[in-house]
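Reading the structure
Residues per chain, in single letters:
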Amino acid sequence: MKKKAIVNVRIIDPKNNIDQLGGILINELGQIEKSGPEITKENVGDIQIFNCQNKIAIPGLIDSRVFVGEPGFEYKENYRTLSEAALSGGVTSVVTMPNTDPVIDNVSTLDFIKRRARDKSIIKIYPLAALTKNIKGEEMCEFGLLNLRGAFGFTDGLRCVQNNRVMDHIFNYAKNKDSLIVQFIQDNELSKNGVINEGLVSTRLGLKGIPGVAEQIILDRDLRLLNEYKSKYHASLISTKKSLSIVEYWKKRSLQFTTSVSINNLSLNENDIGEFRTFLKLSPPLRSEEDRLALIEGLNNSLIDIIVSDHKPEDEESKRLTFQQAASGASGIETLLSLALELYHNKSCSLMTIIRSLTSNPAKLFGINAGSLEKNYPADIAILDLDKPWVIKKDNIRSKSKNTAIENKKLQGKVEKTFLNGNLVFDNK
Amino acid sequence: MAVLKKKQAVKKSPPHLLGIQDLSILTIQKILESSLEFVELNRQSEKKLKLLNGKTQINLFFESSTRTLSSFELAGKRLGADVMNMNVSNSAIKKGETLIDTAMTLNAMHPDILVIRHQDSGAANLLSQKVNCSVINAGDGRREHPTQALLDAMTIKMKKGKIEGLIVAICGDIMHSRVARSNIYLLNMLGAEVRVIGPSTLMPNSIEKLGVKSFTNMEEGLQNADIIMMLRMQTERMDGSYVPSTREYYEFFALDYKKIKKAKADALIMHPGPMNRGIEIDTNLADDINRSIIIEQVEMGVAVRMACLKLLLLEK
């Protein structure tokens, strides 16, 4: 690879709190050689130059909650279609969920998907393995062996371990193997058959609600166990205001853990479901406006560390059903950044907070060598036009499944170019 | 793509009756007035009209039903329509066909009206988006049962002469009841004071925001009531998960001669049926001709459904 430079660009690197005009020099190995105001068109010599007037350079995004269809659900999404979708949204690394068929709960399945990802994926894949065998919540997986083979953490993804004894043992044993526990926080019994937030909207639509307490009770339990064992823990997809007060309680007591929120819960609320729009059937469900505002506040107060797309491709057939029967989840990897920028444009969050929650924070949590524009980091870079208006159309979605929750939504801000290991892999022009 | 094209080919969506929430007060009054004519007609020996000659009505019932299904069937037949009943609960759906596919199949037979009952809330709405005939919701999940509310209003009007200003208490399993929801919307629009009474485990979240007062004590809730609407209590909800037992429920939430004393002296009892005698209502009280207007409700049902069919098919 030849050396190249991105010049005349606003560099935002949250890891080092940098927000300045300058340029980025990329070396022959596809790494960042240097970035800063001293890199200009004039002083980089005779190499390929990308002049990005008025644009922003950010580290390629890390999406930490992504469902790929391989193996078992290839018709919903495969590594190739996922890569195309991701790169168009500036995402260069993804953390994938083990909810495949078969489940990624053993070394050979993990090996298989690592090889598939190596051969078919353009973007970087960081797989999580299951927390319990066959995600049944009964027996813990081989954390040690799976760690050796490259699992970046352990989660039951769509499911939550219910049994307190099992969870106690998981927290205890995971400590030995320095394993990261990622929990989807929801009580099965309290959320049983629920399809929507419990409240006026569920009453009006006649749908079974999922109360906020279903989330809080598990979060509370897990943090108490964490306090006993001090293992590595990440609470996935906080969705209610009351959960944040639990997070705050434990953070004030210096308990170390991280949390994430889905971009959907930051941008939409239960009223958006209107008359049974199944594309907005999500898990956790869209909550009240009060909850949404609290989540934004939580992001600003660092009670929430990471924003995820919760990219869950579903074919149209699984959505063209009654709300009760329809599959939950939305495709969202390619709109993650643009939707997050809405929070900047409506003055809810600073640009730095948003980018940090999509780059350096997840990189730190999962130990991924990405998420910064510092020297020697791989040159995974997204060039962003902060103000460009566009409209999400189903037909333009690159993901294999078109189940976006925000069809026809007007957004501001779009990725123009994406570099991966120094190569230009997506160009909007 | 084929689906898309078909959708575009539909020029104007035909009128539907999906829920009381979508109706204007004018439409409601029109239905009630028109029902009155059919009440008269139904009491004559010659009941058959030719208003809907040549029209096809399909009753698509995914949930079993006796009174609603027969009521809709009679209503259609008395207006002269060709009526077909499809009991889907034990056919195509079991073979894996989706609601939309079943609907598209029926749609291809060019019905003029589809009457649907389904266990999922929103099923009628979904259906109405996919077919190009009128759709009547005969009960979807726990969301709405508009013709039941209309017939209840009609019954009250016949018996009390008015609805405005009356105190109506709806008692029992409000949470799982589509009848309760439709009645709350309708009676509120017509100016009644609506109360709901039941154990808090069977009360939906934020119910008071729908414009009702909620009570967990039957005696308090029944105070000065003009109309007492009892709801069916499903026995599978009485196994300790929502209420401790049938006998505890009967003691505190069933309507009997003692509790009814709190209501007005001329208070009337309604029930959408089927009734669980001895569970939600004292069996003698249910048959008390001075109190119970449950049989009148069934009579009004046919007339109201005739009015709805006429409105949707003839006054587009």
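Look up: the structure comes first, before these words.
Residues numbered from 1 in each chain as written. Chains lettered and ligands numbered in written order. Predicted model: local features only at pLDDT ≥ 70, side-chain atom pairs only at ≥ 80, totals over all residues. Heavy atoms only, no water.

1. Comments concerning the overall build of chain A
Rules: Strands here are runs of E lasting at least two residues and helices are runs of H or I lasting at least four, both read from the DSSP assignment and numbered beginning at the N terminus. Each radius of gyration reported is based on C-alpha atoms, and the globular scaling rule is 2.2 Å times the count of residues to the power 0.38. For the exposure calls, accessible area comes from a 1.4 Å probe over protein chains only, and a residue counts as buried if that area is under 20% of its type's maximum, exposed if over 50%, partly exposed in between. Contacts are residue-level and defined by heavy atoms, with any inter-residue pair within 4.5 Å sufficient. Note on charges: Lys and Arg go in the positive column, Asp and Glu in the negative column, and His and the chain ends are not counted at all. For this purpose, a charge sits on NZ of Lys, CZ of Arg, CG of Asp or CD of Glu.
Tallying secondary structure elements over chain A gives 13 helices and 18 strands in all. Radius of gyration (C-alpha) of chain A: 21 Å, near the 22 Å computed for a compact globule of 429 residues. Expressed as a percentage of its 429 residues, the buried residues of chain A come to 62%. Put simply, 75% of the contacts in chain A that link residues at least 6 apart link residues at least 24 apart. Of the side-chain charges in chain A, 58 are positive and 53 negative, and the distance between the mean point of each set is 1 Å.

2. Some thoughts on helix H5 (residues 123–130) of chain B
Residues and elements named next belong to chain B. Burial analysis of H5 places seven of its eight residues in the buried class, which makes it a mostly covered element. Within the span of H5, buried status applies to Ala123, Ala124, Asn125, Leu126, Leu127, Ser128 and Lys130. Of the surrounding elements, those touching the buried residues of H5 are helix H4 (99–107), strand E3 (113–118) and strand E4 (134–140).

3. As for the environment of His176(B)
Residues and elements named next belong to chain B. To be explicit about the condition: Distance and chemistry together define a polar contact, namely a pair of N or O atoms within 3.5 Å, with one atom able to donate a hydrogen and the other to accept it when in protein, and with adjacent residues in sequence counting only for side-chain atoms on both sides.
The topology assignment puts His176 in the loop between strand E5 (167–171) and helix H7 (178–189). In this structure, the C-alpha to C-alpha distance between His176 and Leu60, residues 116 residues apart in sequence, is 22 Å. If we skip the residues at most four places from it in the chain, His176 touches Arg142, Arg181, Leu202, Arg237 and Tyr242. Separated by 3.0 Å, the side chains of His176 and Asp173 make a polar contact.

4. Some remarks on the pattern of salt bridges
Opposite charge on two side chains permits them to pair, given that their charged atoms come into close proximity. Formally: We define a salt bridge as a contact between a side-chain nitrogen of Lys or Arg and a carboxyl oxygen of Asp or Glu at a distance within 4 Å.
All chains considered together, the criterion is met by 35 salt bridges over all chains. In this structure, Glu248(A) engages Lys252(A) in a salt bridge whose closest nitrogen and oxygen atoms are separated by 3.9 Å. Taken together, the residues Glu248(A) and Lys252(A), both in helix H7 (residues 241–252) and four residues apart, mark about one turn of the helix. For Glu248(A), a relative accessible area of 36% puts it in the partly exposed group. When the shortest N-O distance is used, the salt bridge between Glu296(B) and Lys159(B) registers 3.3 Å.

5. Overview of the sheet that holds strand E9 (residues 154–155) of chain A
Residue and element names in this part refer to chain A. Filter applied, for reference: Pairing between two strands requires that DSSP report at least two bridges joining them. All axes here are fitted lines through C-alpha atoms, helices being fitted over the stretch that makes contact, and every angle between N-to-C directions spans 0 to 180 degrees.
Strand order in the open sheet formed by five strands is E9-E10-E13-E14-E15, and the pairing between neighbours is parallel. Strands at the two margins of the open sheet, each flanked by one partner only, are E9 and strand E15 (306–308). Of the strands in this sheet, strand E10 (180–184) and strand E13 (232–236) touch helix H6 (residues 213–229), which is tilted by about 170 degrees from E13.

6. Some points on the sheet that holds strand E8 (residues 227–230) of chain B
Residues and elements named next belong to chain B. With respect to topology, five strands assemble into an open sheet ordered E7-E6-E5-E8-E9, the strand pairing being parallel. Of all the strands in the sheet, the pair left with one neighbour each is strand E7 (213–215) and strand E9 (268–270). Neighbour to neighbour, the strand axes of the sheet diverge by 20 degrees on average, direction disregarded. Here three bridges tie strand E6 (residues 193–197) to E7, and the two strands are oriented parallel to one another. Opposite Ile197, over in E7, you have Phe215 as the bridge partner. Along the sheet, helix H6 (residues 146–160) contacts E8 and E9; its crossing angle with E9, the most-contacted strand, is approximately 160 degrees.

7. A word on the nonpolar core
The nonpolar side chains of a soluble globular protein tend to be buried with one another. The condition that has to hold: Side-chain atoms within 4.5 Å link the members of a nonpolar core, which is a set of buried Ala, Val, Leu, Ile, Met, Phe, Trp, Tyr and Cys residues.
In terms of nonpolar packing, the biggest core is built from 117 residues, with Leu223(A), Tyr233(A), Leu266(A) and Leu337(A) touching the most fellow members. Sequence-distant contacts of Leu223(A), that is, excluding residues within four places in its chain, are made with Tyr233(A), Ile246(A), Trp250(A), Leu255(A) and Phe257(A). Judged by nonpolar contacts, the second largest core, of 62 residues, contains Ala81(B), Leu187(B), Ile227(B) and Met300(B).

8. Focus on the interface of chain B and chain A
Stated formally: Accessible surface is computed with a 1.4 Å probe, and the buried area is the amount of it that two parts give up when combined, taken over both parts together.
Each side of the interface is counted separately: chain B has 24 residues, and chain A has 16 residues. Summed over both sides, the interface of chain B with chain A buries roughly 1700 Å², with 53% coming from carbon and sulfur. On the surface where chain B and chain A come into contact, there are one salt bridge. When the shortest N-O distance is used, the salt bridge between Glu275(A) and Arg143(B) registers 3.6 Å. There are eight residue pairs in polar contact (both at pLDDT 80 or more) connecting chain B and chain A. Looking at the side of chain B that touches chain A, the elements with two or more residues in it are H4, H5 and H7 of chain B. The biggest single contributor to the side of chain B that touches chain A is H5(B), with four residues.

9. Some points on the pairing of E6(B)
Residue and element names in this part refer to chain B. Using the following cut-off: Convention used here: a crossover is right-handed provided that the path from the first strand, over the helix, to the second strand proceeds clockwise when the strands point away from the viewer.
Counting buried positions along E6 gives four out of five residues, so the element sits mostly inside the fold. As judged from the five bridges shared by E5 and E6, these two strands associate in the parallel manner. Residue Ile167 lies in a different strand from E6, and its bridge partner there is Glu193. You can see the chain leave E5, run along H7 and come back into E6, and the turn it takes is right-handed.

10. Quick notes on the packing of helix H2 (residues 25–42) of chain B against H6(B)
All names here are of chain B. Short version of the rule: What sets the label is the angle itself: under 35 degrees gives roughly parallel, over 145 gives roughly antiparallel, 65 to 115 gives roughly perpendicular, and the rest give oblique. Should the near helix be turned anticlockwise from the far one by less than a right angle, the crossing is left-handed, and should it be turned clockwise, the crossing is right-handed. Note on residue categories: nonpolar means Ala, Val, Leu, Ile, Met, Phe, Trp, Tyr, Cys or Pro, charged means Asp, Glu, Lys or Arg, and polar means any other residue, Gly included.
Relative orientation of the contacting elements H2 and H6 amounts to 65 degrees, with a least axis distance of 10 Å. With respect to their mutual orientation, H2 and H6 come out roughly perpendicular. Judged by the twist between their axes, the crossing of H2 over H6 is right-handed. Residues Ile28, Ile31, Leu32, Ser35, Leu36 and Val39 of H2 lie in contact with H6, whose contacting residues are Leu150, Met154, Lys157 and Met158. Its residues assigned to classes, the contact of H2 with H6 shows eight nonpolar, one polar and one charged.

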